Amino acid sequence: MYIHNGKVKKVYARKEVILSAGAIDSPKLLLLSGIGPKEQLQTHGIRSVVDLKGVGQNFQDHPLVAGISYTTERNAENLIPMMYGGNSQRDYIRNRTGPLSVPFGVVGYFTVNLGVDPDPNVEDTLFLFQSVLMGTDFGLVGVSTYGYTREVFQDYLREQGGRTGFVITVKLNWPKSRGSVSLRSKNPMEAPVIDPNYLSHPDDVEMLLKSIKYALIIGNTTALKDGLGAKLYDKPLLGCKHLKHGSDDYWRCFVRRMLSIGYHPSGTCKMAPPVRGVEGLRVIDASIMPLITSSNLNAPTMMIGEKGASMIKEDWGYVE
Ligand SMILES: Cc1cc2nc3c(=O)[nH]c(=O)nc-3n(C[C@H](O)[C@H](O)[C@H](O)COP(=O)(O)OP(=O)(O)OC[C@H]3O[C@@H](n4cnc5c(N)ncnc54)[C@H](O)[C@@H]3O)c2cc1C
């Protein structure tokens, strides 16, 4: 069913319905259609078609902490004009090239195994280097992108305004916490309840703590200390000021206060198409991932689409 010019219209499928509404809306549409945990559907007065407990569960995203900040004293004077100066703007507007074509001054990243996965060849943590401080732009873009509050900006980041420096962001490739998407009501126009449940698994906090310590070792290298005059931005964070700066408890608090995400919702329809118990329906999008991929999701989701298309063609005899 869909609404067109204010009228509810119905579409019937002769062969199959393919649901690709993403990790938030695919479970929402299944739930509204009576496919999901029976108890939840009953609460909203929706008739249960198939009692599938997993619909809307297993929500995953990549948690990250964007804010191990270092100010710099030399050899980095060009960073701010490089990012925001006239030449950068010209290059971007004319050719879509230059520093502004890269989001927020990302200059590089690498992944390592810090012990989540017992296989040392599996890289479980990502370190992202950005050539500007979070507060460099006086709160214009960076702060809202990462979802930090105005209070955190005013109290902690504002003093970074206009200063040179860099930020090391740490990201968990395979978090252990799981959240959920559930219905707010049976009204299809209402947004669902998204409970990401970040950091609910204690290992995620400990892994981010471990990652921060690793980032601090990098920040303390001769190349950065002597070469750039890099100094840890050690202003105590709002909400963590009661803890000894630099202690494990301080950084745990920092993780909780400065947590952000990769914008990679996934896993909420953890099943392979076709949907179990329902004929003629497939889910093909990021919601089907049982376990989030270590990388960003765009390319893996495209591959899910390709694989889904191949399976459909095969099932309907369009390929040998
Ligand atoms: C801000 C942001 C930045 C990101 N940056 C990156 C990045 O740099 N690199 C990367 O790899 N990944 C990135 N991602 C993640 C990536 O975009 C997603 O993981 C990917 O697009 C998921 O694909 P999908 O098909 O599952 O869902 P989507 O791409 O969300 O597609 C679902 C589609 O269904 C439509 N839809 C939903 N409900 C209905 C309905 N009821 N009726 C009709 N249509 C409906 C939506 O409008 C949407 O077009 C980013 C995501 C966000 C939000």
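The structure presented is a predicted model; accordingly, all values stated were derived computationally and were not measured.

(A) Representation of helix α9 (residues 248–257) within the structure. Within α9 the residues assigned to the buried category are Tyr250, Trp251, Cys253, Phe254 and Val255. For α9, the secondary structure elements touched by its buried residues are β6 (63–71), α6 (150–157), α7 (202–219), β12 (231–232) and β13 (259–261).

(B) Spatial organisation of the site of the ligand. As a structural note, the neighbourhood of the ligand is formed by 13 residues, with Tyr263, Ala286, Asn296, Leu297 and Asn298 the closest of them. Contact with the protein chains hides 43% of the accessible area of the ligand, taken as 1000 Å² for the molecule alone. Put simply, the parts of the chain that give the shell around the ligand at least two residues each are α1 (22–32) and α10 (298–315). It is α1 that provides the largest number of residues to the shell around the ligand, a total of three residues. For the shell around the ligand, the per-class residue count stands at five nonpolar, six polar and two charged.

(C) Fine view of the environment of valine 17. As for its position among the elements, valine 17 is in strand β3 (residues 17–19). For the pair valine 17 and alanine 223, spaced 206 residues apart in the sequence, the C-alpha separation amounts to 57 Å. The residues contacting valine 17, other than those within four sequence positions of it, are Gly280, Leu281 and Arg282.

(D) How the structure looks around unusual backbone geometry. One non-glycine residue with positive phi stands out, namely asparagine 197, at about 55 degrees. Here asparagine 197 lies in the loop between β11 (193–195) and α7. Of note, leucine 199 is a non-glycine position whose phi angle comes to about 60 degrees, a positive value. With respect to the element layout, leucine 199 can be found in the loop between β11 and α7. Among the residues examined, leucine 199 registers a relative accessible area of 6% and is labelled buried.

(E) Representation of the domain arrangement of the protein chain within the structure. Each domain of the protein chain was delimited in the assignment, giving domain 1 (2–60 + 265–315) and domain 2 (63–175 + 199–261). Averaged C-alpha coordinates put domain 1 and domain 2 at centres separated by 35 Å. Facing the five residues of domain 1 at the interface are four residues of domain 2. Three residues stand out in domain 1 for area buried against domain 2, namely Leu291, Ile292 and Ser294, and they jointly supply 81% of the buried area on that side. Where domain 1 meets domain 2, there are two residue pairs in polar contact (both at pLDDT 80 or more). Tallied by class, the residues present in the side of domain 1 that touches domain 2 amount to two nonpolar, three polar and no charged.

(F) Quick peek at the side chain of serine 211. Within the secondary structure, serine 211 sits in helix α7. In this structure the side chain of serine 211 is engaged in a polar contact, spanning 2.6 Å, whose partner is the backbone oxygen of methionine 207.

(G) Structural view of the state of the cysteines. Tallied over the full model, the rule gives one disulfide. There is a disulfide in this structure between cysteine 240 and cysteine 253, and the S-S distance comes to 2.0 Å. Here cysteine 240 and cysteine 253 share a disulfide; its torsion about the S-S bond, -90 degrees, makes the bridge left-handed. Here cysteine 240 is found in the loop between β12 and α9, whereas its partner cysteine 253 is found in helix α9, with 13 residues between them in sequence.

(H) Up close: the pairing of β6. The buried count for β6 comes to nine of nine residues, which makes it a mostly enclosed element. For β6 and strand β9 (residues 165–172), the ladder comprises seven bridges, and the chain directions are antiparallel. The residue bridging isoleucine 68 from the neighbouring strand is isoleucine 168, located in β9.

(I) Main features of the pattern of salt bridges. Using the criterion set out here, one finds 11 salt bridges in the structure. For the salt bridge of glutamate 206 with arginine 252, the shortest nitrogen-to-oxygen distance reads 2.8 Å. Pair noted here: glutamate 206 is in helix α7 and arginine 252 is in helix α9, with a separation of 46 residues, a long-range link. Residue classification places arginine 252 among the partly exposed residues on the basis of a relative accessible area of 25%. The partner of arginine 252 in a salt bridge is aspartate 249, and the shortest N-O contact between them spans 2.8 Å.

The rules we used
Residues numbered from 1 in each chain as written. Predicted model: local features only at pLDDT ≥ 70, side-chain atom pairs only at ≥ 80, totals over all residues. Heavy atoms only, no water. Buried < 20%, exposed > 50% of the residue type's maximum accessible area, 1.4 Å probe, protein only. Helix = DSSP H or I, 4+ residues; strand = E, 2+ residues; numbered from the N terminus. Contact = heavy atoms within 4.5 Å. Near = heavy atom within 4 Å. Areas by Shrake-Rupley, 256 points an atom, 1.4 Å probe, with all protein chains shown as cover. Nonpolar A, V, L, I, M, F, W, Y, C, P; charged D, E, K, R; others polar. Domains from an automatic or database assignment. Buried area = accessible area lost by both parts, 1.4 Å probe. Polar contact = N/O pair within 3.5 Å; in protein donor to acceptor, adjacent residues only side chain to side chain. Disulfide = S-S within 2.5 Å. Pairing = 2+ DSSP bridges. Salt bridge = Lys/Arg side-chain N within 4 Å of Asp/Glu carboxyl O.

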